[in-house]
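Chain by chain, the residues run as shown.
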Amino acid sequence: MKDMQEAALTSTLLADAGARHLRAAIKPLRAGWSVRGRALTVSVPAGDNLAIHAALAIAQPGDVLVVDAQGYAERAVMGGIMCAQAAACGIAGVVIDGAMRDAAELRQGAMPVFAAAVSPAGPFKAGGGSVNRPIQCGGVRVEPGDWILGDDDGLVVVAPQELESMVTAALAKAQAEARRMAAIARGELRPAWLDDALAQATIDIGPARPASA
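Residues numbered from 1 in each chain as written. Predicted model: local features only at pLDDT ≥ 70, side-chain atom pairs only at ≥ 80, totals over all residues. Heavy atoms only, no water.

(A) Spatial organisation of the overall build of the protein chain. When you go through the protein chain residue by residue, the secondary structure sums to six helices and twelve strands. Dimensions along the principal axes, computed over C-alpha positions, put the protein chain at roughly 70 × 40 × 30 Å. Residue burial in the protein chain is summarised as follows: out of 213 residues, 41% are buried. Taking the contacts inside the protein chain whose residues are at least 6 apart along the sequence as the reference set, 74% of them involve residues at least 24 apart. Working note: accessible area of the protein chain is about 11100 Å², and carbon and sulfur atoms make up 54% of it. Of note, the protein chain has its 19 positive side-chain charges centred 3 Å away from the centre of its 22 negative side-chain charges. (Helix = DSSP H or I, 4+ residues; strand = E, 2+ residues; numbered from the N terminus. Buried < 20%, exposed > 50% of the residue type's maximum accessible area, 1.4 Å probe, protein only. Contact = heavy atoms within 4.5 Å. Areas by Shrake-Rupley, 256 points an atom, 1.4 Å probe, with all protein chains shown as cover. Lys, Arg positive; Asp, Glu negative; His and termini not counted. Charge placed at Lys NZ, Arg CZ, Asp CG, Glu CD.)

Here it is, written out as structure tokens:
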């Protein structure tokens, strides 16, 4: 069985397979970025980043730093310097349910950064929060070591014990989508399931337009 690192998976395939998805506001700062790896979880009070510094001190190569910053958008909790440190530690990517800064600089880098907002204001360092504990990020529970996958469509979370079944279901969905695309290319424009679905639905559909002469 292919694991999350090896399989040709997208966030949409995994979401369709049942993976938890973070709220839609958390997006990559640069189009085309993707990230996958195991979660190093952090929770910080709004506008504070001391716990993130503590997390960077124990980060392992391949970790994805996942930060519950309370969705606070008015003070960035990370920027160019901390992201450079994260990249040097081998972190695979950063996910912030809150604000980043130095956006133009970060877009020039290689490490994927996902955030809900961008703000020029810097953080406090009063402390509080947690590292390597369960958190709520983007509206979903994230446990330390959960698999994180993100791309242009957003981010999903898969627990290690769900990985095999989730990857199998996602790959089956990918094969079904490939068959449908091939059918469209052959001119089969009406999905086979559509008539049955419409028969059970309550959709008010008006009369068809007459065909053009």
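(B) Molecular detail of the nonpolar core. One finds Ile52, Leu65, Met78 and Ile96 to be the most contacted residues of the largest nonpolar core, which totals 26 residues. Only β3 (35-43), α2 (50-56), β4 (63-68), β5 (76-78), α3 (80-88), β6 (93-100) and β7 (113-118) provide two or more residues apiece to this core. With four residues, the single largest contributor to this core is α2. Counting 15 residues, the second-largest nonpolar core is a separate cluster that includes Leu22, Val66, Phe114 and Leu155. (Core = buried A, V, L, I, M, F, W, Y, C linked by side-chain atoms within 4.5 Å.)

(C) Structural view of the environment of glutamate 74. Position of glutamate 74 relative to the elements: it lies in the loop between β4 and β5. Owing to a relative accessible area of 52%, glutamate 74 belongs among the exposed residues under this scheme.

(D) Quick peek at helix α5 (residues 163-185). Taking 1.5 Å of rise per residue, 23 residues should cover 33 Å, and α5 covers 33 Å from first to last C-alpha, within 8% of that figure. Listed as buried for α5 are Leu163, Met166, Val167, Ala170 and Ala183. Buried residues along α5 sit in contact with α1 (11-16), β11 (147-151) and β12 (154-158). At the C-terminal side of α5, glycine 187 shows a positive phi close to 95°. (Expected span 1.5 Å × (residues − 1).)

(E) Here's a closer look at the environment of aspartate 152. Of note, aspartate 152 is situated in the loop between β11 and β12. Relative accessible area serves as the criterion here: at 40%, aspartate 152 is assigned to the partly exposed category. Considered as a pair, aspartate 152 and arginine 133 are 19 residues apart in the sequence and their alpha carbons are 27 Å apart. Apart from the residues within four sequence positions on either side, aspartate 152 is in contact with Lys27, Pro28, Arg30, Ala31, Gly32 and Trp33. Of the polar contacts made by the side chain of aspartate 152, one reaches the backbone nitrogen of glycine 32; its length is 2.8 Å. (Polar contact = N/O pair within 3.5 Å; in protein donor to acceptor, adjacent residues only side chain to side chain.)

(F) Region of the structure containing the pattern of salt bridges. Summed over the entire model, instances satisfying the criterion amount to seven salt bridges. A salt bridge links aspartate 146 to arginine 20, with the nearest nitrogen and oxygen atoms 3.5 Å apart. Taken together, the residues aspartate 146 in the loop between β10 (140-142) and β11 and arginine 20 in strand β1 (residues 20-21) connect sequence positions 126 residues apart. On the basis of relative accessible area, arginine 20 is assigned to the partly exposed category, the value being 27%. The partner of arginine 23 in a salt bridge is aspartate 97, with the nearest N and O atoms 2.6 Å apart. (Salt bridge = Lys/Arg side-chain N within 4 Å of Asp/Glu carboxyl O.)

So yeah, pure geometry; function would need other evidence.
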